[in-house]
Amino acid sequence: MGSLPNRILWNFISGSAVLRPEEVIARELNKNKDRLFAGLSGFAKQRQPVGEQLSVEKKLEGRKLEFVQKLARFLGLEELLCYELFLSFLAYEYRSSKKALQHVLNSDRHSQVLMYRIRDFYFTERLYILRCLKQILSFGVDSEHPYKNVYANFLGDLVENHRLINSIQDQYEDGCDTPLPTSSTCGILMTQNQQAIWARQNLMEQCELLELMLIYFKDYEPDVKRFLSLFEKFKLMGFAKYQTYKRILDETTEDLVKRLGYLQVLVILDCLDFELVQRCHMDGRFDGHPLFRDMQTFKKLDKLMCDMGSLTFHGPLLLGWVVVRQLLLEEEEDVVTKKMGAMALKLNCFNCLSDLLSTEPFNGTSIVASVSNYLVYMVLCSVLRVFHEDRLGDNKVSFCVKLPGVHASVSNYLVYMVLCSVLRVFHEDRLGDNKSVNQVVELVLQKKFVSEDVWERGLEDGLGLLYHGALSKFPMEFSSFLQYSIAMATAGEQSARNVLTHLQKLQVYTEYLDRNSMQDLSSVDDRDALWRLTRNKTPYGTGGRYSLVIPQNTIGMLYKPEKGSPIIQWSWTYNGWNLFMCEIDLLLQQLSHGGGNVSVNQITKVTLVVKLLKAVLTSDPSSVDQLEGSYSLIYKLIQRCARLSSPPLELLSSALDCLACVTQKYPLKVWHGLKQTGLLPFLTENLDNMAEVLSGQGLQPGLYGSQLAIQECSQGSYPVTQAYLAFLAKMVKPLRKEKRSEEMIGSVLFILRQVFPVFHKWRYYDKGRREVIGQNCLDLFHEILDFMAEEKSQKGQATESNKPTLQAVCVHCLLYTEAGKALLELVSAGVDNIDVALSHQTSTFEGPGIELIHLTQLAFSVLNRLLLLKSPDLPMSPVEHALASQPAGQQHRHIVVTMAQYIYHRHDPRLPTIATLLMKRLAVISPMSILACLGDAAEPIRDMYLLRLQAATEAIRLKVCILELLTVCVETQPGLIELFLNIQPKSASDGKKDLDLGKFSCLQTVLDLIEEKGQGTYQCPPVLQCACLQFIHALWTGQRETAMTVLRSRASFWPNVVTPLMKDFSKNADFCDDVVICTMKTGGFAMKILAQEFYSVPRSKLDKSLNQVLQNLNEKKRLGHWSSVIRDAMVQEGTESTVVTETMEDNPTLKLLSSWKNFLITLIAQMTEEFQIDETLTDQILSDLMTGLQAQFAGDLSPLNVKLASVSSAMYCTLMKPLGKSVKMVSQVLKELELALLQTCTNFQNLLPSVQIGLLGSATSLVQRARKDANVQVAPDVLTSLLAVLAPLLQHSTRLCVPSAPSQDTPKEVPNKTTMDAKIKLQVIALSLMQEIIQMMGDSDQWLPILQQNTVISSLLVSLQAWIQAKQGVQYVQSALMLLFTIAASPKGAECIRMNGLTEYTCLSIVGAYQNEEVLSQISNFSRVGDETHVGGEEVSWVGVYCLCIDLYTSMLATLRYSFLKDALDFVGVHQDRLQQALEISRTTLHAKVWREAKKTCTFIFQLSNFSREWRLELPKVLDRLLTSMSYMFQSFTALLIRPRYLQHLLERQSRGNGWSKGSDKPWSRPQSLQTQASTDDLDNPSPQLRPVQELMLEILAAGLSTLRHFTPGLCEIMLDLSMDISEYPPFLGLSFSTPSGDQDCAPTFGTLLAGVTACVSMLMKMEPRVGSPQKSPAVDHSHGNYPSKNLVQFVMENNLYLVLSQACRYLKEPELAARDKQLLKRELSTELNCFLTSYHRYLKRGSPPSPGGSSLVSPGGTAPSRSGVSVSRSMSSSTFTMAQDQAFCKLVEAFVRKVLG
């Protein structure tokens, strides 16, 4: 026994699984050459003594030894060979676990069953060793076969000296002489039943050996002696009837015995070689014929032939021998020859030949069938030629007919030779029963090579004589001519065209003389042999629609046969198709008068006519237009015949087949015509939902349904059903294309309800019809469930109604009705039943087994599509429940087990492949555990999957499907994948437990497959390598740590994974080639694996081998190569306009680009010293990406081009951040981005946000870098050009970007929404880029004209109003306001904004940003101060939008001043309540948004306070309300500022979720336990939250104090100007010097401001180190100490003092103030200021820098606004002061105390 079982070897060398390199096939053949040559003799017989070899050589013992010994005796095999057979069975066929095997061996009953299974395996091995040799012999001389040279070389020395044929004959003779095994020789297991099984196997082996001889003698000469002995053997055995064990043969073996007899006859005819006999006869010498060169041999053969005549098998032999005798002996009146011929006819030789050609395997397409037909054909032609040479013309016609290679076969060849020879000996009229001759000729003429030979020779030679003879008697003898024409039209396209042309110009019309009136005839000659028509003759009358007219004066020849009536043959040219139409019309006339008036003969004629139409239209579809008149009558024919009580089923089926052929060109016409006949089932009601579909409501069966129930089911014959199903299958695509597929719902629904669920229960007259009907049903469903075609038909259409579609009806019925149960029964046929069917068929390529395989494959495909198309909204169907239900128990095998066990099927690899695909589908969609369903069969099935995965002889597609199954199981089937991974613990030498692969681990198989030396070879072609890496990628994606750990531990793992990245693509690679596509996918998976590894493993923990791999990638510049590959692939996708036929995600270029993106991003994050991306590589990567992106816009823009451009754009933008620093030519890159952006804008009808966002983001990143880095230079013209492209894009996108219409079902937009619409994103990034460009360009004269030219500002304002009113697109609104804010910084820009109507569009509409929302209604969603997230400096919310709008008005007012004052006052008037509310609520909450809004409000009020007089004049009440609220806010803030402990307590309480707000009864009240927190003492260790809160409070106070300075007298003015009107400045500070309290709401007092001064001094002192140093920088790094800005603190302190001094002067000059109060003011204020001076001097002595007090004394009107408050900015901007200025400030306070208060 060899290393491979014979069945697998046959699969391997035949190429049935996959075509492999010739050298691989040659290697395997040479390896098994002795085994193939030995054939059956290689199975050695049992020898004595018993058991010694097994125990000594194989070390067997116990039950296993006993079992093998019994098996060897039972099979009669040598023990070692039997043991190898046993091991091979366990490896390839055994379907249980090893534990179960031990249990079986220990049980006598179970071991007996196992022995029978091994016997079946052994018998299969014997047959397949012969089939291997038959494969080699069949195609060793076929020039078209891919392995022809390999086979020929293998046969080279075997055919020398007749070695091979002698071995075959020896095996045959041994098989014939082998005695029947008995219980005495083979043990007690050899019962009578087992003897019958052995006898059947022996007959099958004889058949295989005889087929080998038949094929061998086709091409090689026989050995004379061996041939004679073989002939005698045949004769002695009675041509298979006299077997040595004939007593046990029963009716089940009759077919095999008959087949053996026919094969023996064909072998003898083949050896006679009639073609060579005719050549020798023409040459006059027979020296070239191996059998007839010696007359002694001829005499021996003649003697053997003369002794025959008792069996029907002798007839064809005698017929052939008559030809040989006549040609060889040349005796015209040889009595023996005539006697043999008569005996051949007496034995019904033509019936024998007809039966031969109708029996398997001679009726198929195998090589045995074709050669048999050819041989009979040649014999008949030869007989006719030899005996009627006077009628044959040129005798030198070549007799060589070329066999058409692989499609020719031995049996056809032999029958063809016999027929040709017979027709050369006998006249066709003397061949006996014409019916038998017609049947033989009809069967032979159906072969393409026979019909070609007939047309080439003409109608005056060979079988052409019979065809011509039948034509000469047409239409008198209607059937024979049409049967010949049908056979020849079936043979092929050219033959069908010849038949069509020939029938269009018929020359003779033959009829009986009595069908003419003598008055219409006149004699032409004296012998009355020629007659003339005296008037026109109409054979079919004139009453029909069609008529045939024989014109007047036509000459006819009269024939008077010995028997029968005289006939006349009219010579005139007419169209035979017109005659056929007349015949059909005649039948229609009969049908119109009732079924009782219909002639059976007429039905037969019309049936033949329709069959001829079908044959011509099938073979030559282009003839449809020429035959339109003929097939147009079929509709009426169907309509009338189908209504008969006993309709002609054959006629109806042929009519449907004919119409099915016409559908290829005129589908709608045929469908309409057939619908009018009433044959089709139909619906009487509209189906509005699936419930009506399931109920079958309104479904009428039509005429077809009636005939099915009444006629076909009762007869057990279903021709109309077969034709009907085939017709419907052909109509699916045309009707779907025309959007009319719903018209088929009635017909298909009838099939789903009345045919498919019950067809397997019907009674069948012919075997095999059940499988055919099942296949036709599944073909129909398969066409309907073509989801890709359905998507194309529905693309671009809006669904007008919710009515069920044809596909939905089919899916629903197959899932929820009995049709689904029938489908599951087909799927669960099981591998055992298929193997049984295969064992009973006579050919390896055709038979019931092959039909069952095809049926099961279709069932799998339909079920797979069902599960794919089932809507997730539907409930679980019975089909899904059957597939997903957990196993009920061991007694019932789960259907999933049956499907999984198809992996044991070996004959056709497509069956286990599609079964594996369905398992993959179940693993994805099913909620159950496949491992639980498999149960005990899980491990054996796992072992078989792995065995077939690692076998070099398996189909690549099957291996790929297995790996795809494992890939999806990683995510969806954890139990099953663990079984396949089989990772076992292993104890290391140091005592630690490690992991290793188990014996049956799929990982080891995958590692072996991806070995570097095998990648790209036949061992691991690109498609298999791609599947392996996809599986590994699934392990990394699923984070299977154990598997990943084991794989990482293999030294060769990372090099093997990265090997695809090390290989080069050819320069002109075709990216549509399958190999290139697989290579691209493989490289993509390698990149994804590396990306996952980089992402999940820290840089320091990367494997050393991986680091080495990265270093190799870097050194060999592989990134640059792959960048070029991806660029070229994208360029090809862009320029060739590739049509996407599958899902876009499966496009190889797109998958590779996505992998490249992930790989680069993660790689850049993991860059080490070993791997660096230099500037050159960066430029190449970015340049290639840009080239590929721009190429997508070179042609018509498809969805794939848009997707590729989108991914490229996003990747470019992502890489720009880490790699942007390496870009040196910033201007050039910006130009490329501008060009790409311009390409995307060529068609403004549609935006491409997904592409444009990445381009704009990249440009934004570069511009930001250039703006921040002075070393990066960008030419002004580049920015101008970029802005010129950006502006129209922004203007157009703004016009297209409109908010959606609000509805009740649409929820309000949630603040801080993380996802945005693509158009919104485009707007945001475009606005951001424009803002950056404007800021970088600076001069408004450069950028403002571009904005004005494209009406950007006006478009934005209009859009802003719409979006704010709709309260949508908060990100866009905020970005637009930020751009306007940037533009407003320039006077010209601000004026342009004002002129375009800022106030008109925003002042009222911005109310919607906060309308219907209380400030505190969202407090629970607010973050605390210091923790909020900002986008572009502002929090993304509608409150933030409102605040940004305040900033914009503030900036506009600061820039335009009086020009914008009215607008600003309008804004205050509209939003006065919100402004006041912001100030009020800020006193009672610590939430960030509230305080930030208060800050914006204060800043705006500050700017507006510059125009206090105008404000007071226009809105005095508003002014008072806001100033009052602001004052109270100062009081509250100062109270908190001086109590840091209490403030920290409040913050900590808020962080625990116990926040306080305005809703508290006494928000500032302190319980007794909090007295410590209420202390004004500072904190030694403040919390991180405290300082940011204090800083924000100081910023608000700074803005407010700056505002109040406009409402208090100037210090110098009030002190020096005695005539000043003090009534203009009413005092706003209370005459109180107490520390402000947190539990009271009151106006600020002198004590409030002085407490603020004290707090500021305390902060300043905390900022300074305790030991000062003059060398130290005066600025303190308060980021480490968590302190507010020193300049901010000083600014607040100075402004507090300024207000105190000014208000004190105001009170002192108040005439109405009592002297006592003035004295109190002077005394208390003097004391407080002295304390301040003391503290401040102490602070200055520590080395503090001079204060910016001088700047605080400037006029407030001179300050300029900014976003955070202009006064604050100017104060904070000062960084250098002199000691003299500080001392001057202190002296001012001292002087005030001394001179004013003293």
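Description of the structure in this document. Note that the structure is a prediction, hence the values are computed from the model and not measured. (Residues numbered from 1 in each chain as written. Predicted model: local features only at pLDDT ≥ 70, side-chain atom pairs only at ≥ 80, totals over all residues. Heavy atoms only, no water.)

Quick look at the nonpolar core
Note the threshold: Throughout this description, the term nonpolar core refers to a set of buried Ala, Val, Leu, Ile, Met, Phe, Trp, Tyr and Cys residues connected via side-chain atoms within 4.5 Å. For every residue, the accessible area (1.4 Å probe, protein chains only) is compared with the maximum for its type, and the residue is labelled buried under 20%, exposed over 50%, or partly exposed between those bounds. Put simply, DSSP H or I for four residues or longer makes a helix, DSSP E for two residues or longer makes a strand, and each gets a number counted from the N terminus. Two residues form a contact once any of their heavy atoms are found within 4.5 Å.
Ranked by internal contacts, the top residues of the largest apolar core, which has 595 residues, are Phe292, Phe756 and Phe781. Element by element, the count of residues in this core is highest for helix 8 (residues 108–139), at 16 residues. If we skip the residues at most four places from it in the chain, Phe756 touches Ile751, Cys777, Leu778, Phe781, Leu814, Ala819, Ala822, Leu823 and Leu826.

A few points about the sheet that holds strand 2 (residues 521–523)
Pairing between the strands of a sheet comes from backbone hydrogen bonds, and it takes one of two forms, parallel or antiparallel. Spelled out, the test is: Following DSSP output, two strands are said to pair if at least two bridges run between them. An axis is simply a line fitted to the C-alpha atoms; with a helix, the fit covers only the stretch in contact. Between two such axes, the angle follows the N-to-C directions and lies from 0 to 180 degrees.
One open sheet holds the 5 strands; their spatial order is 1-5-4-3-2, and the pairing between them is antiparallel. Only two strands of the sheet have a single neighbouring strand rather than two, namely strand 1 (506–512) and strand 2. If you compare each strand with its neighbour and ignore which way they point, the axes differ by 35 degrees on average. Note that strand 4 (residues 555–559) and strand 5 (residues 567–574) share 5 bridges and pair antiparallel. Across the sheet, Leu558 pairs through a bridge with Ile568, a residue of strand 5.

Re the pattern of salt bridges
Here is the rule we go by: What counts as a salt bridge is simple: a side-chain nitrogen of Lys or Arg found within 4 Å of a carboxyl oxygen of Asp or Glu.
Inspection of every chain in the model, using the stated rule, returns 59 salt bridges. Residue Asp453 pairs with Arg457 through a salt bridge whose shortest N-O separation is 3.1 Å. Of this pair, Asp453 and Arg457 both sit in helix 23 (residues 448–457), 4 residues apart, which is roughly one turn of that helix. Note on accessibility: Asp453 and Arg457 belong to one class, buried. With a shortest N-O distance of 2.7 Å, Asp1341 and Lys1388 are connected by a salt bridge. With Asp1341 in helix 64 (residues 1340–1349) and Lys1388 in helix 67 (residues 1387–1395), the pair connects residues that are 47 residues apart, well separated along the chain. Asp1341 sits in the partly exposed class, given a relative accessible area of 44%.

Let's talk about the pairing of strand 3 (residues 530–533)
Residues of strand 3 alternate between two faces, with Trp531 and Leu533 buried on one and Leu530 and Arg532 left unburied on the opposite face. Across 3 bridges, the pairing between strand 2 and strand 3 is antiparallel. What sits directly across from Ser522, in strand 3, is Arg532.

Section: the packing of helix 30 (residues 634–641) against helix 32 (residues 667–677)
Note the following rule: Throughout this description, any angle smaller than 35 degrees is read as roughly parallel, any larger than 145 degrees as roughly antiparallel, any in the 65 to 115 degree range as roughly perpendicular, and the remainder as oblique. Crossing chirality is assigned from the near helix's rotation relative to the far helix, an anticlockwise turn below a right angle marking it left-handed and a clockwise turn marking it right-handed. All amino acids are sorted into three groups, where Ala, Val, Leu, Ile, Met, Phe, Trp, Tyr, Cys and Pro are nonpolar, Asp, Glu, Lys and Arg are charged, and the leftover types, Gly among them, are polar.
Across the interface, helix 30 lies against helix 32 with an axial gap of 9 Å and an inter-helix angle of 25 degrees. Taken together, the axes of helix 30 and helix 32 lie roughly parallel to each other. When the axes of helix 30 and helix 32 are compared, the crossing they make is right-handed. For the pair helix 30 and helix 32, contact is made by Tyr635, Ile638 and Gln639 and by Lys669, Val670, Gly673, Leu674, Gln676 and Thr677, respectively. Residue composition of the contact of helix 30 with helix 32, by class: 4 nonpolar, 4 polar and 1 charged.

Considering a negative patch on the surface
Note the threshold: Grouping into patches uses exposed residues only, defined as over 30% relative accessible area, and leaves out salt-bridged ones; the cut-off is 9 Å for like charges and 5 Å for nonpolar side chains (Val, Leu, Ile, Met, Phe, Trp, Tyr). Per-residue and other accessible areas follow the Shrake-Rupley method at a 1.4 Å probe size, with only the shown protein chains counted as cover for residues. Only four residue types enter the charge count, namely Lys and Arg as positive and Asp and Glu as negative; His and the chain termini do not. Each charge is placed at NZ for Lys, CZ for Arg, CG for Asp and CD for Glu.
Residues Asp250, Glu251, Glu254, Asp255 and Glu360 make up a contiguous surface patch of negative charge. Inspection of the secondary structure assignment puts Asp250 in the loop between helix 13 (224–236) and helix 14 (254–272).

Digging into helix 31 (residues 649–662)
Put simply, the test is: A helix's residues, less one, multiplied by 1.5 Å, set its expected span.
Across its 14 residues, helix 31 extends 20 Å between first and last C-alpha, which sits within 8% of the 20 Å expected from 1.5 Å per residue. Burial of helix 31 is extensive: 13 of the 14 residues sit out of reach of the surface.

Concerning unusual backbone geometry
A negative phi holds for most residues other than glycine; trans holds for most peptide bonds. Cis geometry marks the peptide bond from Glu360 to Pro361, where omega comes out at 0 degrees. For Pro361, the location among the structural elements is in the loop between helix 19 (349–357) and helix 20 (367–387). The omega angle of the peptide bond from Phe474 to Pro475 is 5 degrees, so this bond is cis rather than trans. Summarising the element assignment, Pro475 is placed in the loop between helix 24 (463–472) and helix 25 (478–491).

Looking at the packing of aromatic side chains
Rule in force here: Note on aromatic pairs: the rings of Phe, Tyr and Trp (six-membered ring only in Trp) are paired at centre separations within 6.5 Å, and the planes decide the class, stacked below 30 degrees, edge-to-face beyond 60, tilted for the rest.
Enumeration according to the criterion identifies 53 aromatic pairs in this entry. Judged by centre distance (5.3 Å) and plane angle (20 degrees), the ring pair of Phe298 and Trp321 falls under stacked. Residue Phe298 is located in helix 16 (residues 295–306), and its partner Trp321 is located in helix 17 (residues 314–329); the two are separated by 23 residues in the primary sequence. A relative accessible area of 4% means that Phe298 is categorised as buried. Measuring from ring centre to ring centre gives 5.6 Å for Tyr1736 and Tyr1739, while their planes differ by 45 degrees; the resulting arrangement is tilted. Placement of the pair is Tyr1736 and Tyr1739 together in helix 81 (residues 1715–1741), with a separation of 3 residues, close to one helical turn. Under the relative-accessibility criterion, Tyr1739 is labelled buried at 0%.

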